[in-house]
Amino acid sequence: MDTVSFPWLPSAASTTAADVDALFNFILFAGLAFFLIVTAGVIAFVLRHRRRGKAGLTYGKDHSLALEITWTVIPVILIVIVFVWGFKGYMRMNVVPHGALEIKVTAQKWFWTFDHPDGANAVNELVVPVGKPVKLLMSSADVIHSFFVPNFRVKMDVLPNRYTVTWFEATAEGVYPLYCAEYCGKGHSEMLAAVRVVSDSSYQAWLNANSVMGAGLTLEQYGAQLYTTKACVTCHSLDGTAKDGPSFKGRFGTEILLSDGSRLLMDENYMRESILDPRAKMANGFQPVMPTFQGILKDRQIDALIAYIKSLNQK
């Protein structure tokens, strides 16, 4: 269904977006029309019945059957239209087409993990083919989040301890912002990601490349790649600047102060424990906000990240 583009709405880029916009516009302009009618009536009656001299009695008519029927029947008709229209749209948005590509989505403070078929996975970037239905099987590792892509008109809560499902079919290639629409803690506003819609051939190439991610790279090179793709960059700088977590610059091999007042050497074992169980030994001066990467990173990926952090001491 075609729809009129309005400057206050993001561009529509999914097969269901036009239906959502059409219903939204119908409700908006119907409401605006009745607002103008009621406002004009109020102004007209104020002018007609304004005080113009000595007060007198009004005429005796106390109701109008035709008027009462009119203002009852018209709203009922509008409600039925909105209900039927909305119900059809709701069913279309919630019944996943047969044969849809299924991708597992895990929300975690404060990033998104996407697991594709054939073992490919990515953090904060959902890559999908254009013109193909995509089913998202979603769960949260901690608190309630909400998957929201404005261009697709898709929004679904992501809950801990249970699965939720939504789907979409992108109609145009491009990069579209993905937000968490449920306040989920201190870093909520930084939980930013993107949906990258590509051609089917590009998607297959991306799958092949990411299923064997790290092949042909040294551990340091692979770790540098993971530092960005696994969102370490969000909380750990490389220039000495403290963010939500300590900077990686020059930290490896040094003695660090923990929140309980003890000290230890930042070595490979501490790095691995901090990645898998971040709250076990907290660095002093930082809040326990880092999520665990248990089940997200494989052993070789952990080794690569440690190798990369160690290599920073030599730069």
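Quick look at the structure, then.

The rules behind the values
Residues numbered from 1 in each chain as written. Predicted model: local features only at pLDDT ≥ 70, side-chain atom pairs only at ≥ 80, totals over all residues. Heavy atoms only, no water. Helix = DSSP H or I, 4+ residues; strand = E, 2+ residues; numbered from the N terminus. Expected span 1.5 Å × (residues − 1). Buried < 20%, exposed > 50% of the residue type's maximum accessible area, 1.4 Å probe, protein only. Salt bridge = Lys/Arg side-chain N within 4 Å of Asp/Glu carboxyl O. Pairing = 2+ DSSP bridges. Axes fitted to C-alpha atoms, helices over the stretch in contact; angles between N-to-C directions.

Re helix α1 (residues 17-48)
Here α1 is 32 residues long and its end C-alpha atoms lie 46 Å apart, about the 46 Å a rise of 1.5 Å per residue gives. Those residues of α1 that sit buried are A17, A18, D19, D21, A22, L23, N25 and A30.

Concerning the pattern of salt bridges
If you walk through the whole model with that rule in mind, you get eight salt bridges. Where R92 meets D19, a salt bridge forms, and the shortest distance between an N and an O atom there is 2.5 Å. Of the two residues, R92 sits in helix α2 (residues 65-94) while D19 sits in helix α1, which places them 73 residues apart along the sequence. Its salt-bridge partner being R153, residue D21 comes within 2.7 Å of it at the nearest N-O pair. Within this pair, whereas D21 is found in helix α1, its partner R153 is found in the loop between β6 (145-149) and β7 (154-158), the two being separated by 132 residues in sequence. The same class applies to D21 and to R153, which are both buried.

Topic: the sheet that holds strand β3 (residues 121-123)
With respect to topology, five strands assemble into an open sheet ordered β3-β2-β1-β5-β8, the strand pairing being mixed. Only two strands of the sheet have a single neighbouring strand rather than two, namely β3 and β8 (164-168). Looking at each pair of strands side by side, their axes are set apart by 25 degrees on average, direction ignored. One ladder, built from five bridges, connects strand β5 (residues 134-140) with β8; its direction is antiparallel. In the sheet register, V134 faces β8, and the bridge partner there is F168.

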